[in-house]
Amino acid sequence: MSSENSSADDEQRVWDVVVVGAGPAGASAAYAAAVAGRSVLLLEKAELPRYKTCGGGIIGPSRDALPPGFELPLQDRVHAVTFSLDGKFTRTRRSKQMLFGLINRPEFDQQLVEHAQKAGAELRTGVTVSRVEQHGSAVPDRRTVAVVLQGGEAVLARAVVGADGSASRIGAHVGVKLDQVDLGLEAEIPVPETVAEDWQGRVLIDWGPMPGSYGWVFPKGDTLTVGVISARGEGAATKRYLEDFIARLGLAGFEPSISSGHLTRCRAEDSPLSRGRVLVCGDAAGLLEPWTREGISFALRSGRLAGEWAVRIAEAHDGVDTRRQALNYAFAIKAGLGVEMAVGKSMLAAFERRPGMLHAAITSFRPAWRAFAGITRGSTTLGEMVRSHPMAGRALSALDRRSAVVAPTVAESTATTE
């Protein structure tokens, strides 16, 4: 366990903000609260750095939400995307500008935590949170929350941010409700230099055989991150998809250095984001893009907002002001990320019914490719695209209504540079 404070000191001290979970959401929340000059304690059950099942794609909204001066530990810069429809109708689209970057989560998360520490946050690792108490013997007054650790130690705070992942204990305390759960499986596959060179600067996205499923290949130096995702309840089929996907790519002969799985959970529209002086963000709040299940940008953005509003809640002197600040946090989340999630749910529904049509559009219709590129670069979002361009909204509705699947007629080709 790493800490600059003893357990005895923590029992006596009331922190302004305690953040539970040191992933991108938690580190962003801790940074935002610490840079505002508040006392911040960041709790993490693992020792850092640690591996997380994640493709590691850093799109524009993720980059824009990073702390000032943060240098991305990029393993590769993506300028081309190969799309396929369950291994068929393969086409590559290219861009002169970088589309997005690829990182390894251990280094990325560690750097985020270090930025939070430089801003003044203190870190304790190797500690597990058992529960949160806002009433009872462990809580000295109505302005204080007790974060009870495994073993019984109580850490006191004026505000708590739950960023402890998709199986969040803090999320359970808040009462987070979910309406979409998916299973992601991933393999980190070391490959020879000749294979790595073939993938450099290019990723593969394969629209999969089960409704709503897809696979990816993300190159990171001498390792390929290969994964698939599909709805929970399709575990055996998802595993077969990954095995077939790896074999189809000619990678079955290479031994993965890591094989892992992870459940992603997406919040219901009416799910709470707070309870009393406790806020949730990132995966703990079920905040992610429902169609692609992209979570890093949602974690960074919601974490920053949670940290900012946790500061306001820490300053609140009564329940009325606390409630007002919590509602303001919920409004900020729903006005931005909530709009993106609503459009993402529509995209997922259309994709589940018409994967061939989506594949045809993005590989053969230049405006669709430009929209994809704009979203990955961060010049627009799904929500902004629908708000600003009525044609995009009509196209999404039409995509959902069409009864016939339109598939590409070209078995394999390479598009011209954008």
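Refer to the structure presented above.
Residues numbered from 1 in each chain as written. Predicted model: local features only at pLDDT ≥ 70, side-chain atom pairs only at ≥ 80, totals over all residues. Heavy atoms only, no water.

Draft legend 1. Representation of the sheet that holds strand β3 (residues 57–58) in the model. As summarised here, the arrangement of the three strands in space is β3-β7-β4, forming an open sheet in which the pairing is antiparallel. What marks the edges here is a single partner per strand, and that holds for β3 and β4 (74–78). Direction of pairing for β4 relative to strand β7 (residues 100–103): antiparallel, over a ladder of four bridges. Considered in β7, the bridge of Asp76 is made with Leu102. (Pairing = 2+ DSSP bridges. Helix = DSSP H or I, 4+ residues; strand = E, 2+ residues; numbered from the N terminus.)

Draft legend 2. Structural context of the pattern of salt bridges. A complete count under the given rule lists 17 salt bridges for this structure. Of the charged contacts in the structure, one is a salt bridge between Arg63 and Asp64, with a shortest N-O distance of 3.3 Å. Residue classification places Arg63 among the partly exposed positions, given a relative accessible area of 40%. Among the ionic pairs, Arg248 bridges to Asp206, the shortest N-O distance being 3.5 Å. In this pair, Arg248 is assigned in helix α7 (residues 235–248) and Asp206 in strand β13 (residues 202–207), connecting sequence segments 42 residues apart. Taking the relative accessible area as the measure of exposure, Asp206 reaches 0% and is therefore buried. It is possible to trace a salt-bridge network through shared partners that takes in Glu44, Arg50, Arg105 and Asp109. (Salt bridge = Lys/Arg side-chain N within 4 Å of Asp/Glu carboxyl O. Buried < 20%, exposed > 50% of the residue type's maximum accessible area, 1.4 Å probe, protein only.)

Draft legend 3. Up close: the nonpolar core. One finds Val18, Leu43, Phe108, Val147 and Tyr329 to be the most contacted residues of the largest nonpolar core, which totals 70 residues. Looking at which element gives the most residues to this core, the answer is helix α8 (residues 296–315), with 11 residues. Core analysis: the next-biggest nonpolar cluster, separate from the first, contains 28 residues, Leu85, Phe100, Ile205 and Phe372 among them. (Core = buried A, V, L, I, M, F, W, Y, C linked by side-chain atoms within 4.5 Å.)

Draft legend 4. Layout of unusual backbone geometry. Omega for the bond connecting Leu48 with Pro49 falls within 30 degrees of zero, at -5 degrees, which places this linkage in the cis form. As for its position among the elements, Pro49 is in the loop between β2 (40–44) and β3. The backbone phi angle of Asp86 is positive, close to 50 degrees, even though this residue is not glycine. Exposure remark for Asp86: the relative accessible area of 26% places this residue in the partly exposed category.

Functional significance is not addressed by these values, which are geometric in nature.
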